[in-house]
Amino acid sequence: MASCRFGAVVLVAVCALTLHCTSALPAFALGLGDWVQQEAEVPVHNTETSSWVHLSRADSDKLVRLTVALRVDADRRDELERVLLEVSDPDHLRYGKHLSQDQVTELLAVPAARAADTAAYFQAAGARKVETAPNGDMLTVTMPVVSAEAALKTELHEFQHSEHTKVQIVRAGAPYYLPAKIAEHVSMVGELLQFPRLVPKKVISVGSPVKWANSCDARGCTNLVTPSVIAQRYKLPDQTLPEAHQAHTSNSMAVAEFQGQFWKKSDLDGFGTSCHRDVSVAKTIGDEEPHGGIESELDIEYIKAVAPEIPLTVIYNGQFSLLKWANQISSMADPPLVHSVSYGNDEKQQSSARYMYTCNTAFMKAGARGISILFASGDQGVCGREGCGSHFNPDFPAASPYITAVGGTDFEGDDIGPETTWNSGGGGFSDTFAIPSWQADAVAAYKQSPDANLPPQRMWNNTGRGYPDVAALGGLKNPYCVNVGGTFEGVAGTSASCPVVAGIFAKLNGLRLAKGKSPLGFLNPFIYKNPSGFQDVTSGTNSAGGESGFTAVKGWDAATGFGTPDFKALSGLVMGIQALEETTLVV
């Protein structure tokens, strides 16, 4: 199996690489060694290229919450990956034998002293509160800005997004450091250097003329994708039948939302009434905000449009911290089983090896516990936020080997039917992660296809993990009807595709749970062994208007994966995973 992990992170203090090694240490850091720069390969904020505008130095008394990821020993991480793949492989005897939270903690075996020493350092620096995650591999540190700056030898600043001007975050305006003895314990402090990609406002669209009738009462949904369009195309159960509303008590799903993207009950109620679906939120985790947002209400309205019978949790974070979100779900004793996340960035854009390594560890922990995580593949085609230049820019986390990436499509014609690639749907090959074993055959077949018309080899990594894995409607030709602020309008993007696919897999979990079977967990090994569960997309290229991109062909491709879901076919396939699950091993 081609390993997808990074090598062990080795932290070495090399004074020649920084002018700060000889700087005086504060009293609380004395005896802990020289300063060691963290995530040294990540550039600090660049005003010329960033979509985030610098506002000012953060107020010294402002409280910040830092997610400190502790180092997980390489052999323990290898074992986590081995277990993940075994419990996720439908052909393995351990399929569905997911770990408990305590079993994950035992497997990781992070020394208690590693957390204790790191916590003591931040407490000595002035932390108000330090919380250790149940798995013992992450700390949540709450401290004033002035104390955080001293502990990390950096400066914290306020930034505002250039388009979404209500959204502000705190990030480091300079490199950050830790004393050598603490740096030995820490993988990274997130997300001091990572600036999230927000969905451009231009994804709002009125849609093209279509032949299908508007099944919602709101006139604003005319010519737009509605819940009934999704149901017809992806062969969902008839909502008029009683069994369509039956839910297993153990089933659950969630969406992740970030600053400025909350929801209003009046918007959800209005959408549900107009489009004849139960669109409600069962539970909210995180601070609530008084206003709704396009992204969050799109997520909620369509994951519930697909699976109205399944309780939905909204996990909200105000500071765009993917690590904090991952820590939240890992810390839950009973986390939702399916998670839809519309969040990402280019791999090379403020995404260090340690950052991606740490996120991947969190994704593996979730999968080992039977949790499915789906990410939108991005809305800039092969080029990413930074543009193509001489090389495509793959997305992260979409290109992670430990999550399911969802790409985007449009209808080929003006009615509900075959789909084609949305030309701006994210897809391609990772520059960081190798081709995982469960994908190797599909990727090889794609590269050998005479119809692939692959881009010049210099533009992409021939040995990288390919994405997306699957797709759903999300293009500008066929935007979704969403109720935001009392107005029904069209919204497009893979952030529409992702909650639809997540809702479908949540429904599939429900079928399995009702028969006493395990949830699906990490989805990709199942997906790649069951391409017949998807409606193949064989046309279009995700060039985003550029000269080249990846073309959809028969079978898996780096534009739409295996295509879009067929719920009826998938229902039979997920219920057919039984021979090994029900076999007693005799030795």
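The structure under discussion appears in the preceding block.
Bear in mind the structure is a predicted one, so any value in this text is a computation, not a measurement. (Residues numbered from 1 in each chain as written. Predicted model: local features only at pLDDT ≥ 70, side-chain atom pairs only at ≥ 80, totals over all residues. Heavy atoms only, no water.)

**Student:** Which parts of the structure should I look at to understand helix α12 (residues 494-514)?
**Tutor:** In an α-helix, one turn spans 3.6 residues; hence positions three or four apart end up facing the same way. Between its first and last C-alpha atoms α12 spans 30 Å; for 21 residues at 1.5 Å apiece the expected length is 30 Å, and the two agree. With 19 of its 21 residues buried, α12 lies for the most part within the structure. Gly516 lies just past α12 and shows a positive phi near 75°. (Helix = DSSP H or I, 4+ residues; strand = E, 2+ residues; numbered from the N terminus. Expected span 1.5 Å × (residues − 1). Buried < 20%, exposed > 50% of the residue type's maximum accessible area, 1.4 Å probe, protein only.)

**Student:** Whenever I open this one, empty space enclosed by the protein confuses me. Can you help?
**Tutor:** Leftover empty space is mapped by rolling, across the atoms, a probe with the size of a water molecule. In total, this model carries eight cavities of 30 Å³ or more according to the counting rule given. As for the second largest cavity, its lining consists of Ala69, Leu70, Val72, Asp137, Met138, Ser187, Tyr357, Thr358, Thr361 and Ala362. Of all the secondary-structure elements, those providing two or more residues to the lining of the second largest cavity are β3 (63-70) and α10 (353-368). Residue contributions to the lining of the second largest cavity peak at four residues, all from α10. For the lining of the second largest cavity, the class distribution of residues is six nonpolar, three polar and one charged. (1 Å grid on protein atoms, 1.4 Å probe; cavity = no way out; pocket = protein on both sides within 12 Å on 5 of 7 lines; lining within 4 Å. Points joined across faces, edges and corners; volume = space filled by probe spheres on them. Nonpolar A, V, L, I, M, F, W, Y, C, P; charged D, E, K, R; others polar.)

**Student:** Hey, could you run me through the sheet that holds strand β7 (residues 168-172) in this one?
**Tutor:** Across a sheet, paired strands are connected by hydrogen bonds in the backbone, their directions being either parallel or antiparallel. The three strands are arranged β2-β6-β7 in an open sheet whose pairing can be described as antiparallel. Every other strand in the sheet has two partners, leaving β2 (52-57) and β7 as the edge strands with one partner each. For this sheet, the mean angle separating the axes of adjacent strands, direction not counted, is 40°. Where strand β6 (residues 156-161) lies against β7, five bridges are found, and the strand directions are antiparallel. Within β7, the position partnered with Gln160 by the bridge is Gln168. (Pairing = 2+ DSSP bridges. Axes fitted to C-alpha atoms, helices over the stretch in contact; angles between N-to-C directions.)

**Student:** In this structure, what is going on with the packing of helix α3 (residues 112-125) against helix α4 (residues 145-152)? I would like to understand it.
**Tutor:** What describes two packed helices is the angle between their axes and the distance between those same axes. Packing of α3 against α4 brings their axes to within 9 Å, and their N-to-C directions diverge by 125°. Taken together, the axis directions place α3 and α4 in an arrangement best described as oblique. Crossing handedness for the pair α3 and α4: right-handed. Residues Tyr121, Phe122 and Ala125 of α3 pack against Ser147, Ala150, Ala151 and Leu152 of α4. Its residues assigned to classes, the contact of α3 with α4 comprises six nonpolar, one polar and no charged. (Parallel < 35°, antiparallel > 145°, perpendicular 65-115°, else oblique. Left-handed = near helix turned anticlockwise from the far one by under 90°. Contact = heavy atoms within 4.5 Å.)

**Student:** How do you make sense of the state of the cysteines when you look at a structure like this?
**Tutor:** The bond known as a disulfide is covalent and runs between the sulfur atoms of two cysteines. The tally for this structure, following the rule as stated, stands at two disulfides. The residue that forms a disulfide with Cys216 is Cys275, at a sulfur-sulfur distance of 2.0 Å. Judged by the sign of its S-S torsion, about 115°, the bond between Cys216 and Cys275 is right-handed. Within this pair, whereas Cys216 is found in the loop between β9 (186-190) and α6 (227-233), its partner Cys275 is found in helix α7 (residues 265-275), the two being separated by 59 residues in sequence. When its relative accessible area of 3% is taken as the criterion, Cys275 is described as buried. A sulfur-sulfur separation of 1.9 Å characterises the disulfide bridge that pairs Cys221 with Cys481. Negative torsions about the S-S bond denote left-handed disulfides, and the value of about -60° found for Cys221 with Cys481 makes this one left-handed. Residue Cys221 is located in the loop between β9 and α6, and its partner Cys481 is located in strand β22 (residues 480-484); the two are separated by 260 residues in the primary sequence. (Disulfide = S-S within 2.5 Å.)

**Student:** Quick question: what am I supposed to make of the layout of surface pockets here?
**Tutor:** Considered as a void within the structure, the largest pocket measures approximately 830 Å³ in volume. Counting only elements with at least two residues in the lining of the largest pocket, the list comes to β3, β4 (129-132), β6, β7, β12 (312-317) and α9 (322-331). Among the elements that line the lining of the largest pocket, the one with the most residues is β3, at five residues. Residue classes in the lining of the largest pocket are distributed as 10 nonpolar, 14 polar and 11 charged.

**Student:** I'm lost on the pattern of salt bridges in this one. Help?
**Tutor:** Side-chain pairs of opposite charge can arise where the charged atoms are in close proximity. One pass over the full model with this rule turns up 19 salt bridges. Between Glu86 and Arg82 there is a salt bridge, with its nearest N and O atoms 2.7 Å apart. Highlighted residues: Glu86 and Arg82, both in helix α1 (residues 74-88), separated by four residues, approximately one helical turn. Overall, Arg82 belongs to the partly exposed group, its relative accessible area being 36%. For the salt bridge of Lys507 with Glu309, the shortest nitrogen-to-oxygen distance reads 2.9 Å. Separated by 198 residues along the polypeptide, Lys507 in helix α12 and Glu309 in the loop between α8 (294-306) and β12 bring together distant segments of the chain. Of the two residues examined, Lys507 and Glu309, each falls in the buried class. (Salt bridge = Lys/Arg side-chain N within 4 Å of Asp/Glu carboxyl O.)

**Student:** I tried to follow the side chain of Lys365 on my own but got confused; where do I start?
**Tutor:** Here Lys365 is to be found in helix α10. Apart from the residues within four sequence positions on either side, Lys365 is in contact with Leu80, Val104, Leu108, Asn135, Asp137 and Ser330.

**Student:** What exactly am I supposed to notice about the nonpolar core here?
**Tutor:** Soluble globular proteins: nonpolar side chains tend toward being buried together. By size, the foremost hydrophobic cluster in this structure holds 175 residues, and its most contacted members are Leu66, Phe122, Met143, Trp325, Phe363, Tyr480 and Phe505. Among the elements that take part in this core, α12 stands out by supplying nine residues, more than any other. With residues near it in sequence (within four places) discarded, Leu66 still touches Phe122, Leu139, Thr140, Val141, Met143, Ala148, Leu152, Val189, Gly190 and Leu192. (Core = buried A, V, L, I, M, F, W, Y, C linked by side-chain atoms within 4.5 Å.)

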